[in-house]
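# Fold and geometry: a report
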Amino acid sequence: MNNSVGNTVRLIGAGLRALLVLTVVCGVIYPLAVTGISQAVFNNKANGSEIKDKDGQVVGSSLIGQTYNLTKKDPNDAEEAAKPDLKWFQPRPSNGLGSNSVNTQYSIILSGATNRSADNGAVNGKCTDQAEEGTLCAQVIAAKDAVIADNSTAGHQVKPEDVPADAVTSSGSGLDPDISPEYAKLQIHRVAEQNELDVKQVEKLVADHTTGRTLGFMGEPRVNVLELNTALRALTKS
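Quick look at the structure, then. (Residues numbered from 1 in each chain as written. Predicted model: local features only at pLDDT ≥ 70, side-chain atom pairs only at ≥ 80, totals over all residues. Heavy atoms only, no water.)

## Quick look at the state of the cysteines
Each disulfide consists of one covalent bond between the sulfur atoms belonging to two cysteines. Across all of its chains, the model carries one disulfide by this definition. In this model C127 forms its disulfide with C137; the gap between the sulfur atoms is 2.0 Å. Note on the C127 and C137 pair: the S-S dihedral is about -60°, so by sign convention the disulfide is left-handed. Of this pair, C127 sits in the loop between β2 (58–61) and α3 (136–151) while C137 sits in helix α3, placing them ten residues apart in sequence. Judged by its relative accessible area of 0%, C137 falls in the buried class. (Disulfide = S-S within 2.5 Å. Helix = DSSP H or I, 4+ residues; strand = E, 2+ residues; numbered from the N terminus. Buried < 20%, exposed > 50% of the residue type's maximum accessible area, 1.4 Å probe, protein only.)

Now the structure itself:
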């Protein structure tokens, strides 16, 4: 009987010591080590890939897209359609992006893509003006018309064939922070006109914020919209 009690006490003691050691190692030492290494080696990524303006104010993350819309006449009217603020470069269309005008307060609504097929609403295999309202094709056609209208200026007319796919379609997550260089270039004349800047200045801005393929072969060239608009804001205030 005494041996049984003694063995039980020893087992309990061993278990408690193991619990204490594992708690210290896995719950304290390991997290502190990982946090310390990440802060030392990957400081920016470890802190959420923050983007800061020239004053050092955090304006968002380079990993999450934002929209740049005009303030609604009635903020409580859910039916009022958001209108893009044409002073800024616009991201890919998406219902997953929160509204922002290059400030520190923005809210993400949701993340996700449409369940519609690529030919939803297509007529004879093509998206045309005859597409049924509410279908994906109708949305793409409407988005294309809006891109052409918004980005055409007195001295520069956007052609339908100039509109890239990412200008009228959302990403799978709906939170894509990047656009193609082609879509960024398409917006140059409109942004220059709206901000009373020289086209060459805006062209340089886009070129400076165009990132090539990762390691030279992975992915596609891209432009981070938040980084570009943050630089645009600094340029307009200089």
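Still more to cover.
## Notes on the environment of N224
Residue placement: N224 occurs in strand β5 (residues 222–224). What N224 contacts, discounting residues up to four positions off in sequence, is I51, S62, P177, D178 and H209. For N224, the side chain forms a polar contact with the main-chain nitrogen of L226, separated by 3.2 Å. Only 3.0 Å separates the side chain of N224 from the backbone nitrogen of E227, close enough to count as a polar contact. (Contact = heavy atoms within 4.5 Å. Polar contact = N/O pair within 3.5 Å; in protein donor to acceptor, adjacent residues only side chain to side chain.)

## With respect to the nonpolar core
Grouped together as the largest cluster of nonpolar side chains are 31 residues, with contacts concentrated most on F89, V163, V202 and L232. Looking at this core, the elements that each hand over two or more residues are α3, α4 (181–186), α5 (188–194), α6 (199–208) and α7 (225–237). Look past the residues within four positions of V163 in its chain and what remains in contact with it is K144, V147, I148, V158, V168 and L186. (Core = buried A, V, L, I, M, F, W, Y, C linked by side-chain atoms within 4.5 Å.)

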